[in-house]
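One-letter residues, chain by chain:
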Amino acid sequence: MDKNALMLRPIDNVATVVDDVLKGDNVYVNKEGEKICVSAFEDIPAYHKIALEDLKTGDKVIKYGQVIGAMTADAVKGSWISHKNIMSLPRNYEDEL
């Protein structure tokens, strides 16, 4: 079944699914006017993240153009990205002003 996900910045490597996604569903995101399709590698609950590319342990997770954490395990394109495979990173807010 076809599903949609939200991606705000072209540098994002994850997107937010807007419905429950089942393994094998096609998930579509709009990347700079181009419709990109990612096949879900596993079930993903609504409003959670899907990997738009293969991610390795230590890779930064980018959502909405911001680094939201780093991978604690490898994940293939289409994987569910959650608290089980990412960790928070300290931020230097002064550098962001």
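Residues numbered from 1 in each chain as written. Predicted model: local features only at pLDDT ≥ 70, side-chain atom pairs only at ≥ 80, totals over all residues. Heavy atoms only, no water.

> Lay out the overall build of the protein in plain terms, naming residues and giving numbers.
Regarding its fold elements, the protein presents 1 helix and 9 strands. Mapped from its N terminus to its C terminus, the protein presents α and β elements in the order β-β-β-β-β-β-β-β-β-α. A globule of 97 residues ought to have a C-alpha radius of gyration of about 13 Å, and the protein, at 13 Å, matches this closely. With respect to the three principal axes, the spread of C-alpha positions in the protein is 45 × 30 × 20 Å. (Helix = DSSP H or I, 4+ residues; strand = E, 2+ residues; numbered from the N terminus. Rg over C-alpha atoms; globule rule 2.2 N^0.38 Å.)

> I'd like a rundown of the pairing of strand β1 (residues 2-6), residues and numbers included.
Side-chain alternation along β1 places Lys-3 and Ala-5 on a buried face and Asp-2, Asn-4 and Leu-6 on a face that remains uncovered. As paired strands, β1 and strand β3 (residues 26-31) are joined by 3 bridges and run parallel to one another. By the bridge assignment for β3, Asn-4 is matched with Tyr-28. Where β1 and strand β2 (residues 14-17) come together, 2 bridges link them in antiparallel fashion. The partner of Ala-5 across the bridge, within β2, is Val-17. (Buried < 20%, exposed > 50% of the residue type's maximum accessible area, 1.4 Å probe, protein only. Pairing = 2+ DSSP bridges.)

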